[in-house]
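# Observations on the model geometry
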Protein chains: 2
Amino acid sequence: MSRAQRWIDDQGERPTRERVLDAAMQLFHAQGYTATGIAAILERADLNPGSLFHFFPTKEDLVLALLDRYLTLLDPMVIAPVFERITDPIERVFGILDGYRRMLVSTECALGCPIGNLALELSDTHPKVRAKVAANFDQWCAAVRGCLDAGRNRLPPKTDTDRLATFVLTVMEGAVMQAKAQRSLDPYDQSVAELRAYFDRLLAEASDWKKPRSS
Amino acid sequence: MSRAQRWIDDQGERPTRERVLDAAMQLFHAQGYTATGIAAILERADLNPGSLFHFFPTKEDLVLALLDRYLTLLDPMVIAPVFERITDPIERVFGILDGYRRMLVSTECALGCPIGNLALELSDTHPKVRAKVAANFDQWCAAVRGCLDAGRNRLPPKTDTDRLATFVLTVMEGAVMQAKAQRSLDPYDQSVAELRAYFDRLLAEASDWKKPRSS
DNA sequence: TGCAGGCTTGAGTGACCGCTCAAGATGGCT
DNA sequence: AGCCATCTTGAGCGGTCACTCAAGCCTGCA
């Protein structure tokens, strides 16, 4: 009976492959890649080893697939909600930073950035993982640069938006790292405030260029 | 004979405890904490298990001692060499960033920041490690803040040097992470260039305050 | 109804993990 | 010389690691 009940319940559930990725996403984020055993993933996904290894022949294949999922999730889960409630292109950048802040709040600053964690843990030793992490960073960078390009007319004329987007990502990752190490939002808030101060100066400078005669 | 020879050779060598820390420092930096087995440390230090566990009862004790070493090494290995060749307090901040750049060059961007790596890998699960990582970050922050305070008169009057120092550390860590993920100096150089652009504006703003009549 | 292919089952694999400990070597003190 | 504290030796512990595989189940199609 419990087997039948299980089957009925499972009808509405996600397919096995997705359940594995769900479990791996949570556990890798919370404990790291090496520290998370396959057994823990199996338990959380309620599966046997064979099922998992049918879809992911090795643990590395699993984390690679997870990074692909992050790549496809960036737009619908991170970017779109921000763009929905904010239209100003520069404010959208800070909206993304605020979205990350909410994640820090909801995890009490304990977990940090799932991609950044994998970046530091595996870039040395797992070249394929490193490449996919780099692709994720590229996509983040491109999203931020898109905002900056859209607000280009309010920035100083010779602004390098690619460089500035890289800088925004740098600040985000560095700030999340410190927040995680200090278990406090303060370093994050301070860093974002300082980034805001920089943008204020860039915007002020550009508006001076536009109406220099008025002074 | 080989034993006697070994003994003679060892006379000039570092004590056991230091050799363990040397080996752990290299291996944790290159492979991470969890991925480095005690056996690998023993092999690199040319020791038996008992010797290591005599000084460090658990693996966690070992990484905690390593973080203490980083704390004591910061000044003589990182700060002092920069202060020796640069006197301008603001330039000293960028001298520290340049020192880190040299480390990236010498490791081909593969390893990143040893403290940052431990921060992301272990902060979730090892509270004592997290606390010592935080102490390391605090000390880095204090060193940078010291420079900023020394150059205070050239910064805008109401500059929060603590916040700005946190920001510098944020940029450093975030930039190193991206350099490691991309295996390229570009993200680091771009981020530092952007930080420099911010400082240029802060310095220009402050000098406007000082001589507003001359314009 | 039978069959083929995708998927699941779960006990089992050897290797490696952090760590133990009883025995012995060593150097300094009296 | 005798003795203690400090340190070293290395075989070996129980446990966990990523992973295997032969067998069976389920579904869709002929």
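Residues numbered from 1 in each chain as written. Chains lettered and ligands numbered in written order. Predicted model: local features only at pLDDT ≥ 70, side-chain atom pairs only at ≥ 80, totals over all residues. Heavy atoms only, no water.

### So, the overall build of chain A
Across its full length, chain A carries 10 helices and 0 strands. Each helix and strand of chain A, placed in order from N terminus to C terminus, yields the pattern α-α-α-α-α-α-α-α-α-α. Taken along the three principal axes of its C-alpha coordinates, chain A extends 80 × 35 × 30 Å. Out of the 215 residues belonging to chain A, those deemed buried represent 50%. (Helix = DSSP H or I, 4+ residues; strand = E, 2+ residues; numbered from the N terminus. Buried < 20%, exposed > 50% of the residue type's maximum accessible area, 1.4 Å probe, protein only.)

### As for the side chain of E194 of chain A
Following the sequence through the fold, E194 of chain A ends up in helix α10 (residues 186-210). Within polar-contact distance, the side chain of E194 of chain A engages the side chain of Y198 of chain B at 2.6 Å. Leaving out residues up to four positions away in the same chain, E194 of chain A has contacts with R163, L164, F167 and Y198 of chain B. (Polar contact = N/O pair within 3.5 Å; in protein donor to acceptor, adjacent residues only side chain to side chain. Contact = heavy atoms within 4.5 Å.)

### Regarding the relation of the copies chain A and chain B
Each copy superposes on the other: chain A lies on chain B with an RMSD of 0.0 Å after a rotation of 180° and an axial shift of 0.0 Å. Look at the turn and shift together and you get a two-fold axis relating the two. Of the C-alpha atoms belonging to chain A, the one lying closest to the rotation axis is found on G174 of chain A, 1.9 Å away. With an isologous cut-off of 70% or more, the 98% of interface residues of chain A that recur at the interface of chain B puts this contact in the isologous class. (Least-squares fit on C-alpha atoms with pLDDT ≥ 70 in both.)

### So, the protein's contact with DNA strand C
Surrounding DNA strand C, one finds 16 residues, the nearest of these being T16, N48 and G50 of chain A together with I38 and K59 of chain B. In the interface set of DNA strand C, defined as its atoms within 4 Å of the protein, sugar plus phosphate atoms amount to 62%. Separating a phosphate oxygen of DNA strand C from a backbone N or O atom of T36 of chain B is a distance of 3.3 Å. Contacts to DNA strand C include K59 of chain B, whose backbone N or O atom sits 2.6 Å from a phosphate oxygen. Only α4 (49-55) of chain A together with α4 (49-55) of chain B provide two or more residues apiece to the surface near DNA strand C. The leading source of residues in the surface near DNA strand C is α4 of chain A, at 5 residues. Class assignment for the residues of the surface near DNA strand C results in 6 nonpolar, 9 polar and 1 charged. (Near = heavy atom within 4 Å. Nonpolar A, V, L, I, M, F, W, Y, C, P; charged D, E, K, R; others polar.)

### Section: the interface of chain A and chain B
Facing 48 residues of chain A, the contacting portion of chain B comprises 47 residues. Both faces considered, chain A and chain B share a buried interface measuring about 4200 Å² in area, 58% of it formed by carbon and sulfur atoms. Taken together, chain A and chain B are joined by 6 salt bridges. Of the charged contacts in the structure, one is a salt bridge between K180 of chain B and D124 of chain A, with a shortest N-O distance of 3.1 Å. Among the secondary structure elements, those contributing two or more residues to the side of chain A that touches chain B are α2 (16-31), α7 (114-122), α8 (127-150), α9 (161-182) and α10 of chain A. Per-element accounting of the side of chain A that touches chain B gives the leading share, 16 residues, to α9 of chain A. Considering only residue class, the side of chain A that touches chain B consists of 22 nonpolar, 14 polar and 12 charged. (Buried area = accessible area lost by both parts, 1.4 Å probe. Salt bridge = Lys/Arg side-chain N within 4 Å of Asp/Glu carboxyl O.)

### As for the packing of α9 of chain A against helix α8 (residues 127-150) of chain B
Where α9 of chain A meets α8 of chain B, the closest approach of the two axes is 8 Å, and the angle between their N-to-C directions is 125°. The orientation of α9 of chain A relative to α8 of chain B falls into the category oblique. Listed contacts from α8 of chain B to M177, Q178, K180, A181 and Q182 of chain A of α9 of chain A are R130, V133, A134, F137 and D138 of chain B. Of the residues contributing to the contact of α9 of chain A with α8 of chain B, the split by class is 5 nonpolar, 2 polar and 3 charged. (Axes fitted to C-alpha atoms, helices over the stretch in contact; angles between N-to-C directions. Parallel < 35°, antiparallel > 145°, perpendicular 65-115°, else oblique.)

### Observations regarding the protein's contact with DNA strand D
The immediate surroundings of DNA strand D are formed by 16 residues, with I38 and K59 of chain A together with T16, N48 and G50 of chain B found nearest. Sugar plus phosphate: this is where 60% of the atoms of DNA strand D within 4 Å of the protein reside. Contacts to DNA strand D include K59 of chain A, whose backbone N or O atom sits 2.7 Å from a phosphate oxygen. Interatomic distance of 3.0 Å between a backbone N/O atom of G50 of chain B and a base oxygen of DNA strand D. For the surface near DNA strand D, the elements supplying multiple residues, two or more each, are α4 of chain A together with α4 of chain B. In terms of residue count, the dominant contributor to the surface near DNA strand D is α4 of chain B (5 residues).

### Considerations on the confidence of the model for chain A
On average, residues of chain A score 92 in pLDDT, and 91% of them are at 70 or above. This stretch, residues 1-11 of chain A, has a pLDDT under 50; its non-local contacts, to residues over four places away or in other chains, come to 1 contact. (pLDDT = per-residue confidence, 0-100.)

### Focus: the pattern of salt bridges
Applying the stated criterion to the full structure yields 28 salt bridges over all chains. As a salt-bridge pair, R163 of chain A and E194 of chain B come within 2.7 Å of each other at their nearest N and O atoms. With one member in each of two chains, R163 of chain A in helix α9 and E194 of chain B in helix α10 (residues 186-210) form a pair that bridges those chains. Take R163 of chain A: its relative accessible area is 24%, and that puts it in the partly exposed class. If you follow the salt bridges from partner to partner, you end up with R14, E18, D22 and R69 of chain A in one network.

### Some thoughts on the domain arrangement of chain A
Residue and element names in this part refer to chain A. Split by domain assignment, chain A resolves into domain 1 (1-57) and domain 2 (59-210). Look at where the C-alpha atoms of domain 1 and domain 2 centre, and you get two points 30 Å apart. Of the residues lining the interface, 20 residues belong to domain 1; the matching set on domain 2 comes to 19 residues. The contact between domain 1 and domain 2 buries some 1700 Å² in all, and 67% of this surface belongs to carbon and sulfur atoms. (Domains from an automatic or database assignment.)

### Observations concerning the environment of R17 of chain A
Residues and elements named next belong to chain A. By the element assignment, R17 lies in helix α2. Note: C-alpha distance between R17 and S51 (34 residues apart in sequence) is 8.7 Å. Excluding residues within four positions of it along the chain, R17 makes contact with F55, F56 and A65.

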